[in-house]
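Next come the chains, spelled out residue by residue.
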Amino acid sequence: MRDEKKITFEGFYKDYAGKLYGVAFRMVNNRQDAMDIVQESFIRAYKNWEKFRNESAVSTWLYKITLNLSYDFLKKRSRDGILPIEKDFEDRRLDISERDIIKSDIVDSIKKEIDNLTPKQKTVFILKCYEELTYEEIARITNSRVGTVKATYFQVLQKIRKNLGGKKNGM
Amino acid sequence: MVCKRYERLLVDYLAGELSQAEQEAVKGHLKECSKCAGLFEEYRNLLEKSRQIDISVPEWQVWEKKLSEIKAVHPYRIRLLKPAVAMVSLLLLISVFFVRMTDNEKGKVARTGKNGYGIVLTKLPYPEKTILENIEYIDEESASKLLDVVLDTPVFTIDEN
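What counts, and where the lines are drawn
Residues numbered from 1 in each chain as written. Chains lettered and ligands numbered in written order. Predicted model: local features only at pLDDT ≥ 70, side-chain atom pairs only at ≥ 80, totals over all residues. Helix = DSSP H or I, 4+ residues; strand = E, 2+ residues; numbered from the N terminus. Buried ≥ 20, exposed ≤ 12 C-beta atoms within 10 Å, placed from the backbone. Contact = placed C-beta atoms within 7 Å. Nonpolar A, V, L, I, M, F, W, Y, C, P; charged D, E, K, R; others polar. pLDDT = per-residue confidence, 0-100. Axes fitted to C-alpha atoms, helices over the stretch in contact; angles between N-to-C directions. Parallel < 35°, antiparallel > 145°, perpendicular 65-115°, else oblique. Core = buried A, V, L, I, M, F, W, Y, C linked by C-beta atoms within 7 Å. Expected span 1.5 Å × (residues − 1). Left-handed = near helix turned anticlockwise from the far one by under 90°.

Colleague: Please clarify how the overall build of chain A should be interpreted in this entry.
Modeller: On a plain count of helices and strands, chain A comes out with 8 helices and 0 strands. Reading the helices (α) and strands (β) of chain A from amino to carboxyl end gives α-α-α-α-α-α-α-α. For chain A, the residues scored as buried account for 32% of the 171 residues in total. Summarising the internal contacts of chain A: among those between residues at least 6 apart in sequence, 62% fall at separations of at least 24.

Colleague: Just checking my understanding: could you explain the overall build of chain B for this structure?
Modeller: Tallying secondary structure elements over chain B gives 7 helices and 4 strands in all. Its helices and strands taken in sequence order, chain B reads α-α-α-α-α-β-β-α-β-α-β from the N to the C terminus. A buried classification covers 13% of the 161 residues belonging to chain B. Restricting to contacts in chain B with at least 6 residues of sequence separation, those with at least 24 account for 42%.

Colleague: What should I look at first to understand the interface of chain A and chain B in this one?
Modeller: Interface size is commonly expressed as the accessible surface area that is lost when the partners come together. Each partner contributes to the interface: chain A provides 33 residues, whereas chain B provides 29 residues. Listing elements by their share of the side of chain A that touches chain B, those giving two or more residues are helix H1 (2-28), helix H2 (31-47), helix H4 (87-98), helix H5 (105-115), helix H6 (119-130) and helix H8 (146-163) of chain A. No other element matches H1 of chain A, which puts 8 residues into the side of chain A that touches chain B. Residue composition of the side of chain A that touches chain B, by class: 19 nonpolar, 5 polar and 9 charged.

Colleague: Even after reading the chapter, I still don't get the confidence of the model for chain B, so can you show me in this structure?
Modeller: The predicted structure's coordinates, where accompanied by low pLDDT, should not be read in detail. Residue and element names in this part refer to chain B. Within chain B, residue pLDDT values average 69, and 49% of them lie at 70 or more. When the criterion is pLDDT under 50, residues 101-116 qualifies, and its contacts beyond four places in sequence or with other chains add up to 37 contacts. Across the predicted assembly, pTM comes out at 0.65 and ipTM at 0.79.

Colleague: I'm lost on the environment of Ile-126 of chain A in this one. Help?
Modeller: All names here are of chain A. Its location among the elements puts Ile-126 in helix H6. Ile-126 sits in the buried class, given 24 other C-beta atoms within 10 Å. For the pair Ile-126 and Ile-138, spaced 12 residues apart in sequence, the C-alpha to C-alpha distance is 10.0 Å. Apart from the residues lying within four places of it in its own chain, the contact partners of Ile-126 are Val-23, Arg-26 and Glu-131.

Colleague: Could you clarify how one ought to interpret the packing of H6 of chain A against H8 of chain A in this entry?
Modeller: Each pair of packed helices can be summarised by the angle the axes make with each other and by the distance between the axes. All names here are of chain A. One can describe the packing of H6 onto H8 by two numbers: an axis separation of 9 Å at closest approach and a directional angle of 90°. One finds that H6 runs roughly perpendicular with respect to H8. On H8, the residues touching Gln-121, Val-124, Phe-125 and Lys-128 of H6 are Val-149, Thr-152, Tyr-153 and Val-156. Classifying every residue of the contact of H6 with H8 by side-chain character gives 5 nonpolar, 2 polar and 1 charged.

Colleague: Which parts of the structure should I look at to understand unusual backbone geometry?
Modeller: Most peptide bonds adopt trans geometry, and most residues besides glycine take a negative phi value. With a phi close to 55°, Asn-143 of chain A is a non-glycine residue in the positive phi region. With respect to the helices and strands, the residue Asn-143 of chain A is situated in the loop between helix H7 (135-142) and H8.

Colleague: Mind showing me how you'd approach the nonpolar core here?
Modeller: A general trend in soluble globular proteins is that nonpolar side chains are found buried together. All names here are of chain A. Leu-20, Ala-24 and Val-38 are the most contacted members of the largest nonpolar core, which has 46 residues in total. Tallying contributions element by element places H1 first for this core, with 10 residues. The contacts of Ala-24, once residues within four sequence positions are left out, are Ala-34, Ile-37, Val-38, Thr-66 and Ser-70.

Colleague: I'm lost on helix H3 (residues 55-79) of chain A in this one. Help?
Modeller: The α-helix advances 3.6 residues per turn, and as a result positions three or four apart in sequence lie on the same side. With 25 residues, H3 of chain A extends 36 Å between its outermost C-alpha atoms, agreeing within 8% with the 36 Å of an ideal straight helix rising 1.5 Å per residue. Of all the positions in H3 of chain A, only Ser-59, Leu-62, Tyr-63, Ile-65, Thr-66, Leu-67, Leu-69 and Ser-70 of chain A are classed as buried.

Colleague: Please explain the packing of helix H1 (residues 4-14) of chain B against helix H2 (residues 20-32) of chain B as it appears in this structure.
Modeller: Residues and elements named next belong to chain B. For the pair H1 and H2, interaxial distance at closest approach is 10 Å and the crossing angle is 115°. Relative to H2, the crossing made by H1 is left-handed. Where H1 abuts H2, its residues Tyr-6, Leu-9, Leu-10 and Tyr-13 lie against Glu-22, Gln-23, Val-26 and His-29. Residues belonging to the contact of H1 with H2 are distributed by class as follows: 5 nonpolar, 2 polar and 1 charged.

Quick look at the structure:
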């Protein structure tokens, strides 16, 4: 029984570690901090593993934990007056250029726009655009109404599109 | 001018959140309205480009190492029983306890010579314990009656010397 449970946790970890890293990284914009957040999320999940009844419950719970830890991290960073570290992003650009992949200006501009979103807006955008969750799932994770999630997602897309200047920027 | 009521629908359409009927309505409208079709392309491109932002997820080996660290933090987990299982387990435990007690610690009555019959019993798990412990010496008939009723234990005699 213990082994069966262990396998289930590992299977879940294998499926979700990368996903949660994506969420955490997009929230805090730093590789090491994102890793720490994911690790802490899974430690909490491991401790509470017996309480979860199905994958959906675990994933919702883990998304919540990851996001809450990210919010806490952002608050702390803001309180301490530490600016978001762009080093990781610069490093990745270097790696990409080494791999001869050309990153378009528009992608960089979109990234900056996403970084400027409020944590709540960013959450909805990340969960919808990258995690491809439904409005209903996002509402469950963020403890909001489906209508609020829907409206937020629309406002975010509209805002980014307007700030990028629409077709002038090749959109 | 973009048709206002369609702008939100375009976003929901790209989000895969429309019903079949709504999707058909949007598709039909896009064929007829070039401005909405242009806006639709803008949103579609925006999402496509957003997904091109690279985040370089660490390799599995990194996560594998982290996994052992996660387990090391909390190596001993206490298995929490579901309420129903816990209740059955508790009842079984109580039953075993009582059976064991009645088998091993049945009361005994001994003839003690000049004092007649005495209760040798010292421990019992039920209320009768009090009665038995309080009656130190009783006559043979009472002792037999009491033991028949309470414990169904044979009366035996011992030599006080």
